[in-house]
Amino acid sequence: MEPIRGRIYRFGDDINTDVIYPGKYLSITTDREEMAKHCFEAVYPDFLKEAKSGDIIVAGKNFGCGSSREQAATCLKYFGIRAVVADSFARIFYRNAINLGLPVLVAPGTASMVTHGDEIEVDLEKGSIKNCGTGETVQASKLPAFVLDILGDGGLIAHLRKKLGRGKIRGG
Amino acid sequence: MTLAEKILARAAGRKSVKPREIVTAKIDVAMSHENADVVLRAFKEIGVQKVWDPDRIVILFDHRVPAESEKTAATHQRIRQFVSEQNIKYFYDLKEGICHQILPENGHSRPGDVMVGTDSHTTTHGAFGAFATGIGATEMAGVWATGELWFMVPESMRIVVTGEFREYISAKDLILHIIGKIGATGADYRAVEFSGDTISSMSVASRMVLTNLSMEMGAKVAFIVPDKKTVDYVKERTDRKFNPLVPDADAEYVHEMKVDVSSLASTVSCPHTVDNVKPVIEVAGTRIDQALIGSCTNGRLEDLAVAAGILDGKKVASSVRLLVVPASRNVYLEAMKRGYLETFVKAGGLVLNPGCGPCLGAHQGLMAPGEVCISTTNRNFRGRMGSSESFVYLASPATVAFSAVSGVITVPDSNHK
């Protein structure tokens, strides 16, 4: 997999899934583009104005804690977030992101190495993060091979289709 | 091996497993609520025609019941159709109540089983000695297709609880106290085993409060080691065979914590994180607009009994909206028979239908900017229950009931009854 390069959008610790995707929009179950319009809407409304498709989220500890709502990972992916790098993740969000093909990397030290708006490069295979401006790097623990496979296939659905011999999804 | 290790080893067909190993385990029970709509879309995308085992999938409606919008009505409709097409045996429509009460009541929560649910508070079912954890919708689609799932074997920690609770102090105060001590990430990725005399003598419902809220300190699973009380409860509710497991005497724990509850005071979790825990006395006098008794944490019969005991013959403060949400239809019926519902209504409370109610901010009693709610639920994140400018305090049914009467956050005290 090619390294991912992008501008970062910086968050602090304990960003929960109610904040990422408010409960009042849980009735949206299938329209993923619509979900993307509500990322962080209630508590960090600036995100929708300032963040751009192609950005990478960098956060502190416990990103994605709380509810198991998959919309929290879906809305970020369909907004165009390329990857999420954090000091630590809550486990359900972490698994959801991988299953949806949204790369996530546990990389303590990244949050303190970058400031809002910096450009970074994330190499999932090597597990490394580079601050493109300063050249500083952080080495994270590598993702297990089967997780890289799921991400490489574009998520669990595509991965299972391949495994079960169902071929590629048409139309998505 | 610890209980988590023993259950995962058996489910993975292995003699033993070690923490941090990745194993593939067979799933005994797969639960979804309204988000089954997201699951079934992903399931159809996989391209498999039939679910792996229609008798091991449980589907119910609780998060938005009755439908609060046309969108949700359509969600319910699509799921009912899927249930019928796939011959899903265990389907509980919107009249029944909250998943984490319906599953135990109907014998789906069994010692030694591996359970997954598309709900983070699935850890609740560890109160019956099941390895039970929350997963996402896409992952659940994979479970529906294959009947198995990968897990990293968690490290285990043990919390030993001794002593007797004082009057009006309960499991809710205990678990909030523990979360306050170890923090929102204090049990991250771990299995938590609760043990000790206090746990042994606790009711099944109170045990569920502990495993339910363990999610809020990051636990992957939480357990009460199954005992006679567990087995009796489950046997009364299912004919399906189950095979309880208990941890080995030489099991290894990464951390052990001891708590003596005999000096524990009424405890509250303050806005806007669950680990922002204080003794109630430190925030006593805070004005409230809403008081909520219910949820998968504290909407059971014993919770309503405590609240009814406090509210009997009293009036809710005129400035306060008291909402009571029984956890299930059975709880509702029993509370009706015992006169609790009459007590709530006479006191000026509003009794809602069984379900998740306003806990997750979807409907039924949301909050305006500046408003304060004291609630027996499990999350107080900013904006969780309505406006991002509102405030939620989490507390026991006793604390909420006393506060509803006085109109301000109040330490439960029989002298003021």
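Remember, predicted model here, so these are calculated numbers, not experimental data.

Draft legend 1. Representation of the interface of chain B and chain A in the model. Across the boundary between the two partners, chain B contributes 45 residues, which contact 40 residues of chain A. Together chain B and chain A conceal approximately 3600 Å² of surface at their shared face, both sides included; 56% is due to carbon and sulfur atoms. For the pair chain B and chain A, the interface holds 3 salt bridges. In this structure, R384(B) and D18(A) form a salt bridge, with 2.9 Å as the shortest nitrogen-oxygen distance. One can count 17 residue pairs in polar contact (both at pLDDT 80 or more) joining chain B with chain A.

Draft legend 2. Summary view of the side chain of T133(B). Positionally, T133(B) belongs in strand β6 (residues 131-134). Only 2.7 Å separates the side chain of T133(B) from the backbone oxygen of K220(B), close enough to count as a polar contact. Setting aside residues up to four positions removed in sequence, T133(B) forms contacts with R91(A), M115(B), V116(B), G117(B), T122(B), F151(B), K220(B) and V221(B).

Draft legend 3. Local environment of the layout of surface pockets. Approximately 680 Å³ is the volume found for the largest pocket. Contributing to the lining of the largest pocket are 25 residues, with Y94(A), V106(A), R20(B), M152(B) and Y189(B) lying nearest its centre. Mapped by element, the contributors of at least two residues to the lining of the largest pocket are α5 (91-99) and β4 (104-106) of chain A together with β7 (148-152) of chain B. With 3 residues, α5(A) is the single largest residue contributor to the lining of the largest pocket. Broken down by class, the residue content of the lining of the largest pocket amounts to 13 nonpolar, 4 polar and 8 charged.

Draft legend 4. Representation of empty space enclosed by the protein in the model. The final tally for this structure, using the stated rule, is 3 cavities of 30 Å³ or more. In this structure, the largest cavity occupies an estimated 310 Å³ of space. What lines the largest cavity is a set of 26 residues, and nearest its centre among them are S67(A), H33(B), H63(B), D119(B) and L360(B). For the lining of the largest cavity, the per-class residue count stands at 6 nonpolar, 13 polar and 7 charged. Counting the residues that make up the lining of the largest cavity, at least three belong to each of domain 1 (3-241 + 249-259) and domain 2 (268-416) of chain B. Its boundaries defined by the atoms lining it, the second largest cavity holds a volume of some 170 Å³. Contributing to the lining of the second largest cavity are 17 residues, with N62(A), C65(A), G66(A), A184(B) and E216(B) lying nearest its centre.

Scoring rules and cut-offs
- Residues numbered from 1 in each chain as written.
- Chains lettered and ligands numbered in written order.
- Predicted model: local features only at pLDDT ≥ 70, side-chain atom pairs only at ≥ 80, totals over all residues.
- Heavy atoms only, no water.
- Contact = heavy atoms within 4.5 Å.
- Buried area = accessible area lost by both parts, 1.4 Å probe.
- Salt bridge = Lys/Arg side-chain N within 4 Å of Asp/Glu carboxyl O.
- Polar contact = N/O pair within 3.5 Å; in protein donor to acceptor, adjacent residues only side chain to side chain.
- Helix = DSSP H or I, 4+ residues; strand = E, 2+ residues; numbered from the N terminus.
- 1 Å grid on protein atoms, 1.4 Å probe; cavity = no way out; pocket = protein on both sides within 12 Å on 5 of 7 lines; lining within 4 Å.
- Points joined across faces, edges and corners; volume = space filled by probe spheres on them.
- Nonpolar A, V, L, I, M, F, W, Y, C, P; charged D, E, K, R; others polar.
- Domains from an automatic or database assignment.

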